[in-house]
Amino acid sequence: ERVTREGLYREYDVDLGDQEYDDARSTYKSAKETKSKKGKYTALIAVLVVGSFIIPMAQYFWYVKDDDSADKFFNKVPEPEPEPEPKKKGWF
């Protein structure tokens, strides 16, 4: 069936036919099926989150394992205080 519709700039001829692509069936999984697989996905998310913290920290410590600058800083021997200058005789 061909119908003429009024548009903003002119009139358009439109072919009307049967609607072929509308499917109103539910494609969601049931609550029971979702609940039974929840633990698997929770474990997966936990592994990914923990890995996102552990892997960069392990990589950082791998890079700085031979660096001894922190040991030099924290084990630094305190410098002796300088001797005070002798007092000058006179007005100033």
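Up top is the structure these notes are about.
In this numbering scheme, every chain counts its residues from 1 along its sequence in written order. For a predicted model such as this one, the threshold for reporting local features is a pLDDT of at least 70, and the threshold for listing and counting side-chain atom pairs is 80 or more; totals across whole chains, interfaces and linings nevertheless cover every residue. Side-chain numbers come from the whole structure's heavy atoms, not from hydrogens or water.

Here the focus is the overall build of the protein chain. Of regular secondary structure, the protein chain possesses three helices and two strands. The secondary structure listing takes helices from DSSP runs of H or I that are at least 4 residues long and strands from runs of E that are at least 2 residues long, numbered from the N terminus. Going from the N terminus to the C terminus, the protein chain shows its helices and strands as β-β-α-α-α. The C-alpha radius of gyration computed for the protein chain amounts to 39 Å, which surpasses the reference 12 Å derived for 92 residues by more than 25%, pointing to a less compact arrangement than a globule. Just so you have it, the protein chain exposes about 10,500 Å², and 58% of that area is on carbon and sulfur atoms. Radius of gyration here is computed from C-alpha atoms only, and the compact-globule reference equals 2.2 Å multiplied by the residue count raised to the power 0.38. Every accessible area reported is derived by Shrake-Rupley at a probe size of 1.4 Å, with residue values counting cover from the shown protein chains alone.

Further remarks concern the packing of aromatic side chains. Any aromatic ring pair is given by two values, namely how distant the centres are and how the planes are angled relative to each other. What counts as a ring pair is set by centres within 6.5 Å for rings of Phe, Tyr and Trp (its six-membered ring), and what kind of pair is set by the plane angle: stacked under 30 degrees, edge-to-face over 60, tilted for all other angles. Enumeration over the complete set of coordinates arrives at one aromatic pair. Aromatic pair Y60 and F61: ring centres 5.4 Å apart, planes at 65 degrees, arrangement edge-to-face. Our definition puts a charge over a ring when NZ of Lys or CZ of Arg is within 6 Å of the ring centre and also within 35 degrees of the ring normal. Its guanidinium or amino end placed over the ring of W62, K65 lies 3.4 Å from that ring's centre, counting from NZ or CZ.

Sheet faces and side chains relate simply in a regular strand, where the side chains alternate between the two faces. If DSSP finds at least two bridges between two strands, the strands pair. Where strand β1 (residues 2-6) lies against strand β2 (residues 11-15), five bridges are found, and the strand directions are antiparallel. Within β2, the position partnered with V3 by the bridge is V14. Taken together, β1 and the strand that follows it, β2, pair antiparallel across an intervening segment of four residues.

This part is about the environment of E20. With respect to the element layout, E20 can be found in the loop between β2 and α1 (31-36). Distance in space between the C-alpha atoms of E20 and T4 is 21 Å, their sequence separation being 16 residues.

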